[in-house]
Structures are given as C-alpha cells and as structure tokens.
Amino acid sequence: MPIKVPNNLPAVEILTKENVFVMTDTRAMTQDIRPLQILILNLMPTKVETETQLTRLLGNSPLQVELELLQASSHKAKNVSQEHMIAFYKTFDQVRDKYYDGMIITGAPVELMEFEQVEYWDELCEIMEWSKTHVHSTFHICWGAQAGLYYHYGIKKRVLPEKKFGVFLHTLEYKTGMLFRGFDDEFYVPHSRYTGLDEEAVFSNPNLRVISTSSEAGIFAVKSVDDKQIFITGHSEYDGDTLEREYIRDLAVDPKTKIPYNYFPEDDPSKEPQVSWRSCANLLYSNWLNYFVYQSTPFDLNDIKTGNTPKHELVTDDFDLITVKFGGSSLADAGQFKKVADIVKSDARRRFVVASAPGKRNSEDIKITDLLLKARAAGGNTESDEYLNLIEERYKGIADELGIEFDVESEVDQIRKKLSTETAEELLDYVPSRGEYIGAKLLAKYMGFDFIDAGEFIKFDDEGNYDKETTERILGDELFNHEFAVIPGFYGSMPDGKIKTFSRGGSDITGAIVAASTGSDLYENWTDVSGLLMADPRIVEKPVSVPLITYRELRELSYLGAEVLHADTVFQVASKGIPINIKNTNSPSDAGTLIVNNARYYSDAQDISGLSGAKGYMSVTVQLAHLNENANLREKVLDSFAEKGIKIETMMTGVDSMTFLVKESFKAAVEEAISEIKNTMEGAVAEVVAGLAMIGVVGRDMGTSPNIAIKILSALAALRINIKFLDHGVGNLHMILAVDEKDYENAIRAIYQQFA
C-alpha cells in the first residue's frame, strides 16, 4: 500500500527510484479508502534527508498513509530553503484544530542544552500537550524521546562521558510486546547522541514499560502503559551512509573524533559501511503503524478527543497481555480446575488469573459462597461447623484429585476461629470472601503461579466505595513484579484492613480491575456459555451467541433486563478501551462474544446484538390540550411522577399527550400522581393500560437500517400481535415495544427468528 505525500516533495523522486510506492496528492484523490493521518514534527537540521528516511519506512507497509510535515515556527531552519519550508511544512497554528492517527517527533541537535534553553521549547511543550488529545499514538525519536519523557514524566537526561556513536547490539526486555513483534532476540540499531536517560527513573515509573535495552547504549525503547506514547532513543531510520557523513563532518571539526563503533568493516573508514539495522527499522515502523495506530485508532478522527479510543481490537491474536477471570462453574471441581490450567497455560499472554469461588457441580449442589453465608448466619456453633465441614471436604476433594498438598484444614480453621471470636459486623464480608480466597490459593498452587491477596491491593474508601485511583496504582505496581499470578475475586479491604466485598458477581469486577491496573490488551471472562446469548434461553431454544457487541449496546441490554456482565465491570475497562471476550471454559475453541468500544473495524453481518424484556409493565397516558407545546405543563407532569418516585422506563409524546411506560409495581404511586395532575391541571385526563410486557431490541445499526425495523414489525404482524407502545429510542441503538403479556413469549420468538 502506498504512502501519500505532497506533490513535488523531493522524497518522491528518491523513493520512486528505490521502487518504494509513493502516491502524490493528485493520485490519492481517486482512492476511496480511509488513509492514516500521520504528522511529522521534523526538528532535524537535515530536513530533506529526514523526510526521506521516515517516508521510506512509513511507506513500507500495507497501509495507506497520508503524511503532513510540521515545523517549529519559533525556529528558522538554516540548512534548507525557506521555499521548501513554505511549500511543504505547516505551522502549529495550521494544524492545532485537526486530529491525527499518529505523530512522529524527531531528534534535534540540541542535546547539550537544557530543555528550557532550547528556543522552541515552549512551542514544543504546547505541541506535546496538544498531542495528548489530538493524536492517537506519538512516536518520539532520540532527543525527541528525551524531550517527551521529560515533559510527560519529568524524567531528566544526563550527559554521557563521550558521544554514543555507532551501531550497537540490543535485546528485548519484553519479548511478547507488539512493538517488536517478529524481531530476533538480538538486533542492531544506530545511535548518535551525547546524552542518555535517567534509567532508574524510567524503570521505576509505573506508567512506563521498558521494551528494549542495550548493554552498551542503554535503554532503547520505552512505551507508556496505555500505548499512546512511544520513545525510541536510537536512529533506526538512518540511511546506510548517515553515520559516515556525520563522522566526516565531526572529523573536520575535531581530528580526534572516534570512528563509529561497529560500523566500518575492521574499523576502516575507507571501506563501505555495513548496514545491519535496515530490516529491524522497517519492522519497527511497520509494527507501530499496524498495532499502535491502524488497529486501534478510531475511524472518525474526531473521536480521539474523547479519550475512549479502543486498543488492539481487530483480532484477538494481536493481544499481548491478557487478564483472565474464571467463574464459579469453571472451578466447580478438580476436572474444571484442570480445564482452567490448560486454558491459561495454552497461551503465555494469559498472565493474570482472577478466580471465583467454586460453584455448583450439579443442579442439586450448593455453591461454596452459599455454604459460607449459611455458616455466617448460624454463627460459631454446631450448625456452622456442619457447613464448614462441607466446605473443607469439597476443597480437600479437589486438592486430592489434583494430586497436590494443600492445607485446607488450616484455612477453614481460620474461619471457625473468627466465627467464634468476632462480631457479626466484623464477619459480614470476611466470611463470604473466603470462598474466593481459598479457591484462588488452591489454583495458584496447582498451576505454580504466585498468589496475590486481593485484600492487600484492592481498596475501598471510608464510605465503602471502591477506590479506583489507589487500587490501580498499588495493584499495577505489585503485578508488574510478577510474571504469572492468581488473584481472588469478589473482595478487597477498607482503610482499616477490614475485608469488603463487591456485590454478587463481583469477581467480574475484580477481573476488570486487574485488566485496567495492568494495562491489559484483553480481558477474557470465562464462564459456562459461549458468549452472550441473543435471547433468553428460557424462551428461545438454544439461542445463538452474539459474536460482537459494543459497550453501549451491552449497557442497553442490561437496562432492558438481560442478564449480562455487572455494570461496574464494563466501567472499569471501557474507559481504557480494553475489550472483553466472553468465553466458554467447557468449549475453549469457541470464539465467544467480543465486547468493544467501537465496532467499525469488524465485518459481521449481524443485524441486532440482542433482545430482552420482561412482563409486569403498564402504560400511562396523560392528555391535555397543548401539553407538549407548553413547557410549564410538561414539567408539571414530569415533576408529579418524580416526586412520587416513579421510574419511567421510556416515554412518547404527541402534541396533546405524553405516554409513559412504567413497572406495575408503581401502580399506587401512579394513581396518586394522576390524581394530583387532574387536580392541578384543569381538563387533564389520564388512561392506564396494565398487563403489558416490554421488549427491547438492541443493535448498533437500528437507526440507519430501515430493514431492521421492518423485520421486527413484520414478525409481529404475521402473528397478529398488537403493539401497544413503540419507541425507537435515542442514539440509534434500540427499539422498545410493549405488547400484551399473553403475547410476550411468542413476540420474542418471532423477532428472534428474523435475525438468528
């Protein structure tokens, strides 16, 4: 795929001769695809040379790239004509209102100056700040990397004893990272600089990850944990003769200039230099464009400003750090433990495991958590011991069948002791949390993983609210030191150390917290079904799984009554753009359901994402002349409902009427509100229709594809099902209908058959 550059840029002629496919403005006008918008802030004095080097690397990709060049207007270029700068470069004022998929900030020959002494430093700071909200991923080179690390993270540079000049061997600190995917374990990169990084500050910063280092050249590649900032201290983009020309230039100034290290054969400057970094350079820039820009940038560049752009969301093979959570059914017995271990160990990217308490082994069984609740309710007496004995027997059976030594008796004795010595208030959350605690320790022992007690690192504040900022900081720091770990779900601790649990289903939340704290690229939630089902299996026989759904659609389905992930689970990862994959422990090869921020990148023919609903609703219609034309009258009606605590599910309006859909449980409150409305609004009448069922159909194309609405209405018409209420919703995400309760199941089946 070509790279698009301005007409007549000198690089065009050079790269065309090298058979690099370059597309000019004129030719690109005939292309009907969305190119990547890349901005290069070129701070190098050799403008044309740097333009050519970067254009060559960006053009060596199957992606179409549209390039723009940016200059620091507070600095006048001395080594290139002003005609060239005016013709091909823009100033910051010309681009500040635009958004870019990627940006490159080059090096500059100002290393020995303090950052604040550089004449364009203030302008550069403004650009770097702007990039945080207007650029999806920024790639900093050499001095540009030092400047970026200083501005964004306060990391200072240090002057080296002598110039780091030559070609140096590098290794990977983080071999599974996508930036260096396909690299050999050892590779070469040119360096030409007088300064280096404060390496201790880089390694100790929890927001940064060091990816590659050199024993001779120091840190080479660093990225922010959110993938938005890439820092490269070397010059992978250099041509084969760039170091030679720098050497000749420096030699003319200082005859004692050292020969570039590992560059000329036998250190003989008369021989042609050895180029040992070209393949690595091409792969580095290709990986950046592919994994950090193309696969995660929003289709609509204006979405960058929201901060909710997704991370590597194209195919699951592109994820390099995966947090996994296994539900109670996935850990119900030793056989399930073995399945979990096989799943985790089948992919080295699955590094952090969140475990629920063992669930039911069959329909007659009792979950471990329910046994613990019974023990807590019984207190420290004989009945309590009976429940604890069942728990101990259950865990011992699992450990014995797995063939591992695990002191279950000591763990359960701790619960016995607390039940007999502590108050009911102190035990309120402690006892039910022990199912996850013991189960996670057992799983960690079986798999040979580290055990991390959630009570030490997942924090609540004094009011019992989850402390997101503290948790993500301390949990992220802790897990950074563990290659593989198991964390119990469902609980954390208060400031005084007392155990605090989430609501039931809270292990899902813990999994999302671990994913967010570690900057995971994917959160896998393993259960006993292959993803989210399109319809209620109690109504529709063997409904299909939904392959793809957005966070917003998931929220809509949850609001409409579908049993989906805990809302707090979605909030933890959605803000960071981490996809969720719902998978089946008993059928791990099934794709499951992928939950993402933005579905534009995925090709699937699915018209709807699901349908849900429930019985027990009624419609309330208030009629009064000019009701909707008079804001005061409309507000009085809404205030009457609000004051009575009536939750309105949805509403429709006409010129003289307002119709609400509410649950029948609000019947008494509705009667009071209607009486009040009639007494205060002369001429108002009201009608209530009870015995209704609400049905919600959710899909991201609801507002743009008329065929979807036609299919829904046709399916109901074919069965002569009368629609009592119809609301197409806002945001083009759902359609809500109300039908008689006697038609509810048939209506669900009829709609499902249109889309399954």
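## Details of the overall build of the protein chain
Move 1: Secondary structure summary: the protein chain contains 25 helices and 28 strands in total.
Move 2: Projecting the C-alpha coordinates of the protein chain onto the three principal axes gives extents of approximately 95 × 70 × 45 Å.
Move 3: Sorting the 756 residues of the protein chain into buried and exposed places 56% on the buried side.
Move 4: The contacts in the protein chain between residues at least 6 apart in sequence include a share of 73% that link residues at least 24 apart.
Move 5: Looking at the protein chain as shown, the accessible area adds up to about 32800 Å², and 47% of this sits on carbon and sulfur atoms.
Move 6: Each charge class in the protein chain was averaged separately, 78 positive and 115 negative side chains, and the resulting centres sit 2 Å apart.

## Section: the environment of Asn586
Move 1: Secondary-structure assignment places Asn586 in the loop between β21 (580-584) and β22 (593-596).
Move 2: Taking relative accessible area as the criterion, Asn586 reaches 40% and is therefore assigned partly exposed.
Move 3: Along the sequence, Asn586 and Phe92 sit 494 residues apart, while their C-alpha atoms lie 55 Å from each other.
Move 4: With sequence-adjacent residues up to four places away left out, Asn586 is seen in contact with Gln336, Lys339 and Asp528.
Move 5: Among the polar contacts listed, one links the side chain of Asn586 to the side chain of Lys339, at a separation of 2.9 Å.

## Let's talk about the packing of aromatic side chains
Move 1: Counted by the stated rule, this structure contains 27 aromatic pairs.
Move 2: Taken together, the ring pairs connect Phe115, Tyr120, Trp121, Trp143 and Tyr150 into an aromatic cluster.
Move 3: In this structure, Lys441 packs its charged tip against the face of Phe451, placed 5.8 Å from the ring centre.

## Some remarks on the sheet that holds strand β24 (residues 650-653)
Move 1: Spatially, six strands are ordered β24-β25-β23-β26-β28-β27 in an open sheet, and the strand pairing comes out antiparallel. Sheet topology places β24 and β27 (725-727) at the edges, where each strand pairs with a single neighbour. Across the sheet, the mean angle separating the axes of adjacent strands is 25° when strand polarity is ignored.
Move 2: As judged from the four bridges shared by β24 and strand β25 (residues 657-663), these two strands associate in the antiparallel manner.

## Comments concerning unusual backbone geometry
Move 1: Positive phi, close to 55°, is recorded for Asp267, a residue that is not glycine.
Move 2: Along the chain, the position of Asp267 falls in the loop between α9 (242-253) and α10 (278-294).

## Re the pairing of strand β19 (residues 522-527)
Move 1: In terms of burial, β19 is a largely internal element, five of the six residues being buried.
Move 2: Pairing analysis gives five bridges linking strand β13 (residues 322-326) to β19, with the strands arranged parallel. Residue pairing across strands places Phe326 opposite Trp526, the latter belonging to β19.
Move 3: For β19 and β21, the ladder comprises five bridges, and the chain directions are parallel. Bridging across to β21, Glu524 finds its partner in Asn581.

## With respect to the pairing of strand β6 (residues 100-105)
Looking down a regular strand, the side chains alternate between one sheet face and the other.
Move 1: Across the six residues of β6, six count as buried, placing the element largely inside the fold.
Move 2: Relative to β6, strand β3 (residues 36-41) is paired through four bridges, and the arrangement is parallel. Pairing of Ile38 across the sheet is with Gly102, part of β6.
Move 3: Viewed along the sheet, the connection from β6 through helix α6 (residues 121-134) into strand β7 (residues 135-141) turns out right-handed.

## Digging into the sheet that holds strand β15 (residues 450-451)
Move 1: If you walk across this open sheet you meet the eight strands as β15-β16-β14-β13-β19-β21-β22-β20, and the pairing is mixed. Edge positions in the open sheet fall to β15 and β20 (548-550), since each of these has one partner strand only.
Move 2: Contacting β13, β14 (350-355) and β19, helix α11 (residues 334-345) crosses the sheet at an angle of about 170° to β13.

## Comments concerning the nonpolar core
As a rule of thumb, soluble globular proteins bury nonpolar side chains together.
Move 1: Of all hydrophobic cores here, the largest spans 108 residues; its most connected members are Phe180 and Trp288.
Move 2: Apart from the residues lying within four places of it in its own chain, the contact partners of Trp288 are Ile38, Leu58, Gly102, Met103, Ile104, Ser137, Phe139, Leu179, Ile230 and Val293.
Move 3: In this structure, Leu532, Tyr551, Tyr744 and Ile748 belong to the second largest nonpolar core, which totals 50 residues.

## Comments concerning the packing of α6 against helix α7 (residues 143-153)
Move 1: With their axes 11 Å apart at the nearest point, α6 and α7 run at an angle of 75° to one another. Here α6 is positioned roughly perpendicular relative to α7, judged by the angle of their axes. Mapping the contact onto sequence places Trp121, Leu124, Cys125, Met128, Glu129 and Lys132 in α6 and Trp143, Ala147, Gly148, Tyr150, Tyr151 and His152 in α7.
Move 2: Among the residues forming the contact of α6 with α7, the class breakdown is eight nonpolar, two polar and two charged.

## What to know about helix α19 (residues 506-518)
Since one α-helical turn is 3.6 residues long, residues separated by three or four positions face the same way.
Move 1: A rise of 1.5 Å per residue sets the reference length of α19, with its 13 residues, at 18 Å; its end C-alpha atoms lie 19 Å apart and thus fit the reference within 8%.
Move 2: Counting buried positions over the 13 residues of α19 gives 13, a clear majority of the element.
Move 3: Residue Gly519 follows α19 closely and has a positive phi angle near 65°.

## Some thoughts on the packing of helix α14 (residues 408-421) against helix α16 (residues 430-447)
Move 1: Running from N to C, α14 and α16 cross one another at 170°; their axes reach a closest spacing of 10 Å. It follows that α14 is roughly antiparallel to α16 by the angle criterion. Touching Glu411, Val412, Gln414, Ile415, Lys418 and Leu419 of α14 are Tyr430, Val431, Arg434, Tyr437, Ile438 and Lys441, all from α16.
Move 2: Residues of the contact of α14 with α16, tallied by class, amount to seven nonpolar, one polar and four charged.

## Some details on the pattern of salt bridges
Close approach of charged atoms lets side chains of opposite charge pair.
Move 1: Enumeration over the complete set of coordinates arrives at 30 salt bridges.
Move 2: The partner of Arg361 in a salt bridge is Asp365, and the shortest N-O contact between them spans 2.6 Å.
Move 3: One salt bridge connects Glu411 with Lys441, and the closest N-O pair in it is separated by 2.9 Å. Here Glu411 is found in helix α14, whereas its partner Lys441 is found in helix α16, with 30 residues between them in sequence.
Move 4: Look at Glu411 and you get buried, because its relative accessible area is 15%.

## Brief notes about a nonpolar patch on the surface
Move 1: Residues Leu112, Val159 and Tyr194 make up a contiguous nonpolar surface patch of roughly 300 Å² in combined accessible area.
Move 2: Mapped onto the elements of the fold, Tyr194 is located in strand β9 (residues 186-197).
Move 3: Judged by its relative accessible area of 33%, Tyr194 falls in the partly exposed class.

## Observations concerning the environment of Ser420
Move 1: Considering the arrangement of structural elements, one finds Ser420 in helix α14.
Move 2: A relative accessible area of 53% places Ser420 in the exposed class.
Move 3: Sequence separation of Ser420 and Glu741 is 321 residues, and the distance between their C-alpha atoms is 51 Å.
Move 4: Looking at Ser420, its side chain comes within polar contact range of the main-chain oxygen of Lys417, at 2.9 Å.

## Some words on the confidence of the model for the protein chain
Move 1: For the protein chain, per-residue confidence averages 87 on the pLDDT scale, and 90% of positions sit at 70 or higher.
Move 2: The element-level mean pLDDT for the protein chain is lowest in helix α2 (residues 25-28), coming to 40, with strand β16 (residues 485-488) highest at 98.
Move 3: Low pLDDT (under 50) marks residues 23-32, which in the prediction has 18 contacts with non-local residues, meaning those over four places away or in another chain.
Move 4: In this model residues 307-318 is a low-confidence stretch, pLDDT under 50, and it forms 60 contacts with partners more than four residues away in sequence or in other chains.

Conventions we followed
- Residues numbered from 1 in each chain as written.
- Predicted model: local features only at pLDDT ≥ 70, side-chain atom pairs only at ≥ 80, totals over all residues.
- Heavy atoms only, no water.
- Helix = DSSP H or I, 4+ residues; strand = E, 2+ residues; numbered from the N terminus.
- Buried < 20%, exposed > 50% of the residue type's maximum accessible area, 1.4 Å probe, protein only.
- Contact = heavy atoms within 4.5 Å.
- Areas by Shrake-Rupley, 256 points an atom, 1.4 Å probe, with all protein chains shown as cover.
- Lys, Arg positive; Asp, Glu negative; His and termini not counted.
- Charge placed at Lys NZ, Arg CZ, Asp CG, Glu CD.
- Polar contact = N/O pair within 3.5 Å; in protein donor to acceptor, adjacent residues only side chain to side chain.
- Phe/Tyr/Trp six-rings, centres within 6.5 Å; stacked < 30°, edge-to-face > 60°.
- Lys NZ or Arg CZ within 6 Å of the ring centre and 35° of its normal.
- Pairing = 2+ DSSP bridges.
- Axes fitted to C-alpha atoms, helices over the stretch in contact; angles between N-to-C directions.
- Right-handed = clockwise from strand over helix to strand, strands pointing away.
- Core = buried A, V, L, I, M, F, W, Y, C linked by side-chain atoms within 4.5 Å.
- Parallel < 35°, antiparallel > 145°, perpendicular 65-115°, else oblique.
- Nonpolar A, V, L, I, M, F, W, Y, C, P; charged D, E, K, R; others polar.
- Expected span 1.5 Å × (residues − 1).
- Salt bridge = Lys/Arg side-chain N within 4 Å of Asp/Glu carboxyl O.
- Patch = residues over 30% accessible without salt bridge, like charges linked within 9 Å, V, L, I, M, F, W, Y side chains within 5 Å.
- pLDDT = per-residue confidence, 0-100.

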